[in-house]
Amino acid sequence: AQTVTQSQPEMSVQEAETVTLSCTYDTSESDYYLFWYKQPPSRQMILVIRQEAYKQQNATENRFSVNFQKAAKSFSLKISDSQLGDAAMYFCAYRLYTGTASKLTFGTGTRLQVTL
Amino acid sequence: DTAVSQTPKYLVTQMGNDKSIKCEQNLGHDTMYWYKQDSKKFLKIMFSYNNKELIINETVPNRFSPKSPDKAHLNLHINSLELGDSAVYFCASSQVNLAPRDTQYFGPGTRLTVL
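Residues numbered from 1 in each chain as written. Chains lettered and ligands numbered in written order. Predicted model: local features only at pLDDT ≥ 70, side-chain atom pairs only at ≥ 80, totals over all residues. Heavy atoms only, no water.

Asker: I keep staring at the packing of aromatic side chains and nothing clicks. Help me out?
Answerer: Geometry of an aromatic ring pair is reported as the spacing of the ring centres plus the angle between the planes. According to the stated counting rule, one finds 16 aromatic pairs over all chains in the structure shown. Consider the rings of Tyr25(A) and Tyr94(A), whose centres lie 6.2 Å apart with planes at 35°: the pair is tilted. Of this pair, Tyr25(A) sits in strand E4 (residues 24-26) while Tyr94(A) sits in strand E10 (residues 88-96), and the two are 69 residues apart along the sequence. On the basis of relative accessible area, Tyr25(A) is assigned to the buried category, the value being 5%. With relative accessibility at 1%, the residue Tyr94(A) sits in the buried group. Their ring planes at 35° and their centres at 6.1 Å tell us that Phe35(A) and Tyr37(A) sit as a pair that is tilted. Here the guanidinium or amino end of Arg43(A) rests over the ring plane of Tyr10(B), the centre of that ring lying 5.0 Å away. The side chain of Arg50(A) reaches across the aromatic face of Tyr33(A), ending 4.6 Å from its centre. (Phe/Tyr/Trp six-rings, centres within 6.5 Å; stacked < 30°, edge-to-face > 60°. Helix = DSSP H or I, 4+ residues; strand = E, 2+ residues; numbered from the N terminus. Buried < 20%, exposed > 50% of the residue type's maximum accessible area, 1.4 Å probe, protein only. Lys NZ or Arg CZ within 6 Å of the ring centre and 35° of its normal.)

As structure tokens, this is what we get:
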């Protein structure tokens, strides 16, 4: 079974600084997707970034980028120029590519605080 | 326009009651999901429907019964509610095999409290 581990329950960053959230996963498959979702206090689950395992290039979305290390099964999220609105729970998630619908397997989340 | 909507957003009820949560998506997706987020914020899949057909059914008590009248709707009915059912329930949708629409988009969640 696939598992996703987020070893940092809480992180803190100052506004305008950079922070990296860690995620590791365990799978014996070669085709899969990885995601970071953000859950602010409003509770809405918001997609931050997505990475296909077959792509060597790391995904980027504005201030958000990932460091995808397939051999190490590591998928960290870097947030640059942190803003107060980035404060939220961040969940790393894995989804197997099966050709049909497949479930997301989530990590336990990292709570990010952004301070002035 | 709301992409994935759920009603109600909050639900408070007594143990033993039966309740339903409704989910609708207007994204034209063919697959819908129910996830449960417990008090420790852990998210876990419960069910998934593709074109009204059940395709994922994790180990969930049979008091939980999903119903999909069409591919834009997936409702969750819960019989004989128990204290342990208290959680936030999220609906999500995606379009299978059509990147990036195969990404799952979530509704706002329904916080269920069983007293």
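Asker: Sorry, what's going on with the side chain of Gln6(B) here?
Answerer: Residue and element names in this part refer to chain B. Mapped onto the fold, Gln-6 is located in strand E1 (residues 4-7). Among the polar contacts listed, one links the side chain of Gln-6 to the backbone nitrogen of Cys-91, at a separation of 3.0 Å. A distance of 3.1 Å separates the side chain of Gln-6 from the side chain of Thr-110, its partner in a polar contact. In this view, Gln-6 contacts Ile-21, Lys-22, Cys-23, Trp-34, Tyr-89, Phe-90, Cys-91, Gly-107, Pro-108, Gly-109 and Thr-110; residues no more than four positions away in its chain are not counted. (Polar contact = N/O pair within 3.5 Å; in protein donor to acceptor, adjacent residues only side chain to side chain. Contact = heavy atoms within 4.5 Å.)

Asker: Sorry, what's going on with the pattern of salt bridges here?
Answerer: Between side chains of opposite charge, a pair can form when the charged atoms approach closely. All names here are of chain A. This structure, assessed with the given rule, holds seven salt bridges over all chains. We note a salt bridge from Lys-73 to Asp-26, for which the minimum N-O separation is 3.9 Å. Of this pair, Lys-73 sits in the loop between strand E8 (64-69) and strand E9 (74-79) while Asp-26 is found in strand E4, placing the two residues 47 residues apart along the sequence. Since its relative accessible area comes to 41%, Asp-26 is described here as partly exposed. Of the charged contacts, one joins Arg-50 and Glu-52 as a salt bridge, the two residues approaching to 3.0 Å between their closest N and O atoms. An identical accessibility class is assigned to Arg-50 and Glu-52; each is buried. (Salt bridge = Lys/Arg side-chain N within 4 Å of Asp/Glu carboxyl O.)

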